[in-house]
Every structure is written in structure tokens, then in C-alpha cells.
Amino acid sequence: MNTHLRNAAAAGLLMAMAGLGRAEGAISFSRDITIDRSPATVWKYVGDFNATDLWHPSVRNSTLKGRGTKPGAIRTLTLTGDSEMVEKLLAYDAAKTRYTYTTLKSPFPIKNYVSTLSVSPTADGKTLMTWSATFDAVGVDEDIATEWIGIAFDGGLGKVATHFEKAP
């Protein structure tokens, strides 16, 4: 009886873990950039969940339903070319200067997308901005999906870096 109960518990745990695995994708991807400003300054620029249109060159407009610091807030991004992305805030931590979100609707061939944007101090007083994600490719090779995510991340990180290079 003990063995049967233990096996049932193990099976339940494996099923629960499998369910959790579906909450985020199997592909992990991350990019970062060092910016010659303090984390507080960079966070003021990128830390608003509804301000991606200010710092990402592919986002023309961002609208928000809910509070941008409360999990459950939904932002709709209008991209260049008029496609749309809908994203849901999962976690927001201003003290740790990071937020995590998931994509509900995307023009890209991905699913189970969960992403975190964060800024942190470097030893020399600069900022390390990191954008990471997990996702699954849909209908395309994983390398192609990863390349598209890389292009999106590089575009956003590049524009943030350029903004601070020009700022006094």
C-alpha cells in the first residue's frame, strides 16, 4: 500500500511538473547590453510596462488595460506594419528593477512565451540591461524563431543604448 501511494504521488508530481512546463517554452534566449548610466536612470526609461513604444523601434503604439505595475495588466502593442501583440504582465518589481510578462497574441510563430526585462548595476557604476525569454517555436525551425526573437531584442536594446549615448 505504501508503494502504491508513493507511486501515485510520484505520478501526480510528474503530471503537475509537465503542466508547469507548458507555462513557459522550451527554448531559452537572452540578450544584454551595458549602458553608461545608472540603473535608476535606465529604469525610468524602460521600466514602465506600457512604454515600449518609447524605446523599441518596432513598436508604434502601446495601450494598457489595468495598472502597469499590477500583475494581470494587459498591453496591446501596435507594431510597424500594423500587426499587433497582446501581452500580460505576470510580475513587476520596481525595487529589483524587473518585470515579467507573457504573450497572449503574437504575429510571430511562437507560443508559451514568457519574458523578463531587468536592469542591474555593474561593478563600474553602469547598467546591465537584460532581456530574456522562454518560448516554443510554432511551424518553423527553432533556429528561425530564435533569430526573430534575437532581432526584436537587439532592436530594443540597441535603441536604449543609442538613447543614452545621445543624452547629456
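Conventions adopted
Residues numbered from 1 in each chain as written. Predicted model: local features only at pLDDT ≥ 70, side-chain atom pairs only at ≥ 80, totals over all residues. Heavy atoms only, no water. Helix = DSSP H or I, 4+ residues; strand = E, 2+ residues; numbered from the N terminus. Buried < 20%, exposed > 50% of the residue type's maximum accessible area, 1.4 Å probe, protein only. Areas by Shrake-Rupley, 256 points an atom, 1.4 Å probe, with all protein chains shown as cover. Patch = residues over 30% accessible without salt bridge, like charges linked within 9 Å, V, L, I, M, F, W, Y side chains within 5 Å. Salt bridge = Lys/Arg side-chain N within 4 Å of Asp/Glu carboxyl O. Lys, Arg positive; Asp, Glu negative; His and termini not counted. Charge placed at Lys NZ, Arg CZ, Asp CG, Glu CD. Axes fitted to C-alpha atoms, helices over the stretch in contact; angles between N-to-C directions. Parallel < 35°, antiparallel > 145°, perpendicular 65-115°, else oblique. Left-handed = near helix turned anticlockwise from the far one by under 90°. Contact = heavy atoms within 4.5 Å. Nonpolar A, V, L, I, M, F, W, Y, C, P; charged D, E, K, R; others polar.

A. Looking closely at the overall build of the chain. In terms of regular secondary structure, the chain is built from four helices and seven strands. Tracing the chain from N to C terminus, the helices and strands come up as α-β-α-α-β-β-β-β-β-β-α. Out of the 168 residues belonging to the chain, those deemed buried represent 35%. Total accessible area on the chain stands at roughly 9,500 Å², and carbon and sulfur atoms take up 56% of it.

B. Local environment of the environment of A133. Examined against the element boundaries, A133 turns out to sit in strand β7 (residues 127-137). As a C-alpha pair, A133 and T116 span 17 residues in sequence and 6.4 Å in three-dimensional space.

C. Region of the structure containing a negative patch on the surface. A grouping of D141, E142, D143 and E147 is seen on the molecular surface, where their side chains present a negatively charged patch. Note on placement: D143 falls in helix α4 (residues 142-166). The exposed category is assigned to D143, whose relative accessible area is 58%.

D. Spotlight on the packing of helix α2 (residues 39-46) against α4. α4 packs onto α2 with a crossing angle of 120° between their chain directions and a minimal axis gap of 12 Å. In terms of axis orientation, α2 runs oblique to α4. α4 is crossed by α2, and the crossing has right-handed handedness. For the pair α2 and α4, the contacting residues are T41, V42, Y45 and V46 in the first and V160, H163 and F164 in the second. Looking at the contact of α2 with α4, its residues break down into five nonpolar, two polar and no charged.

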